[in-house]
Amino acid sequence: MHIRQERESDCSAIAEVTAQAFANVTHSDHTEPDIIKRLREAGDLLVSLVAIDGSHLLGHVAFSPIMINRQHCNWYGLGPVSVRPDRHGQGIGSALIRAGLAQLSSLNAGGCVVLGDPAYYRRFGFEQDDRLRYEGAPPEYFMRLTLNAQQVPSGSVAYAPAFTG
Ligand SMILES: CC(C)(COP(=O)(O)OP(=O)(O)OC[C@H]1O[C@@H](n2cnc3c(N)ncnc32)[C@H](O)[C@@H]1OP(=O)(O)O)[C@@H](O)C(=O)NCCC(=O)NCCS
C-alpha cells in the first residue's frame, strides 16, 4: 500500500470508495462523493490523497480551506476521509490522515480542524478548543490541531461552500 496525490484518473474510484465507506454511517446524508467533486471543481481540494494497493484504490482523504469569522485564515478542514469497508482497521485511514497533515504542514498551514469522533481523531493530536466554534455540532466532536500557527484563531468556523451544496 502506498499513498500519493490524487490523479484525474482516480476520480471515479474515489467517489465509489467514499460512497461505500459512508453507506452505513448513520450520521451521514451520503453526499460525501458530491462534496469531494464540488471541492475539486471549485479548486478547494488543497490536499487530496489516495491509498493504493496495486491497481486498487483503498482509501482517500481530502483537506480544504475553512473560514473563521468569514475570513480566510490559512486553516483547513479534514474530510471526508474514507477507507474501503473490507479494509477498515488496517491503519489505512491513519496513514492517509498523517500523510495529509504532514503535507498541510509543509504547505505552511496554520492548522486543521475536524468534525468527528474524538476517540479516533485524538490520536493525531486533535483536541477540542473553545476558541473555535462550529455551529450545529456538539463541541466535543469539533477539534483542532495546530500546525504552524503561533496562536489559535478564535471564532466561528465555516467549511468550504462545497459542503453545503
Ligand atoms: C474512519 C475511517 C476512515 C478509519 O479508517 P481505518 O483505516 O479503518 O482506520 P485505522 O485502521 O487507521 O484506525 C483504526 C482505529 O480507528 C478506530 N475507528 C475507526 N473509525 C472510527 C470511528 N468512526 N470512531 C471512532 N473510532 C474509529 C478503530 O476502532 C480503530 O481503533 P484502534 O486503533 O484503537 O483499534 C474508516 O473507518 C471509514 O472509512 N469509515 C467510514 C467513513 C467515516 O466515518 N469517515 C469519517 C467521518 S468523520
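Everything here concerns the structure above.
The rules behind the values
- Residues numbered from 1 in each chain as written.
- Predicted model: local features only at pLDDT ≥ 70, side-chain atom pairs only at ≥ 80, totals over all residues.
- Heavy atoms only, no water.
- Helix = DSSP H or I, 4+ residues; strand = E, 2+ residues; numbered from the N terminus.
- Rg over C-alpha atoms; globule rule 2.2 N^0.38 Å.
- Buried < 20%, exposed > 50% of the residue type's maximum accessible area, 1.4 Å probe, protein only.
- Contact = heavy atoms within 4.5 Å.
- Areas by Shrake-Rupley, 256 points an atom, 1.4 Å probe, with all protein chains shown as cover.
- Lys, Arg positive; Asp, Glu negative; His and termini not counted.
- Charge placed at Lys NZ, Arg CZ, Asp CG, Glu CD.
- Core = buried A, V, L, I, M, F, W, Y, C linked by side-chain atoms within 4.5 Å.
- Disulfide = S-S within 2.5 Å.

Novice: Is there a simple way to think about the overall build of the chain in this case?
Specialist: What the chain contains, in helices and strands, is four helices and eight strands. Ordered by position from the N terminus, the helices and strands of the chain form the series β-α-α-β-β-β-α-β-α-β-β-β. Against the 2.2 N^0.38 benchmark of 15 Å for 165 residues, the chain shows a C-alpha radius of gyration of 15 Å, consistent with a compact globule. Seen through its principal axes, the chain has C-alpha atoms that stretch 45 × 35 × 30 Å. Within the span of the chain, comprising 165 residues, buried residues form 45% of the whole. Within the chain, contacts between residues separated by at least 24 positions form 64% of all contacts whose residues are at least 6 apart in sequence. Of the roughly 8600 Å² that the chain leaves accessible, carbon and sulfur atoms contribute 47%. Positive and negative side-chain charges of the chain, numbering 14 and 17 respectively, have mean locations separated by a distance of 4 Å.

Novice: Any chance you could explain the nonpolar core here in plain terms?
Specialist: As a rule of thumb, soluble globular proteins bury nonpolar side chains together. Counting 23 residues, the largest nonpolar core has Leu78, Leu101, Tyr121 and Phe126 as its most contacted members. Of all the secondary structure elements, the ones that give two or more residues to this core are strand E2 (47-53), strand E3 (56-68), strand E4 (71-83), helix H3 (92-106), strand E5 (111-115) and strand E7 (142-146). Looking at which element gives the most residues to this core, the answer is H3, with five residues. Every residue in contact with Tyr121, bar those within four places of it in the chain, is listed here: Leu78, Val81, Ile97, Val114, Gly116, Phe126 and Met143. With 12 residues, the next largest nonpolar core counts Leu45, Ile52, Ala62 and Ala162 among its residues.

Novice: Honestly, the state of the cysteines in this entry has me stumped. Any pointers?
Specialist: A disulfide bridge is the covalent bond that connects two cysteines by way of their sulfur atoms. If you walk through the whole model with that rule in mind, you get zero disulfides. Looking at the unpaired Cys73, the closest cysteine sulfur is the one in Cys112, lying at 11 Å. Using a relative accessible area of 23% as the deciding quantity, one classes Cys73 as partly exposed.

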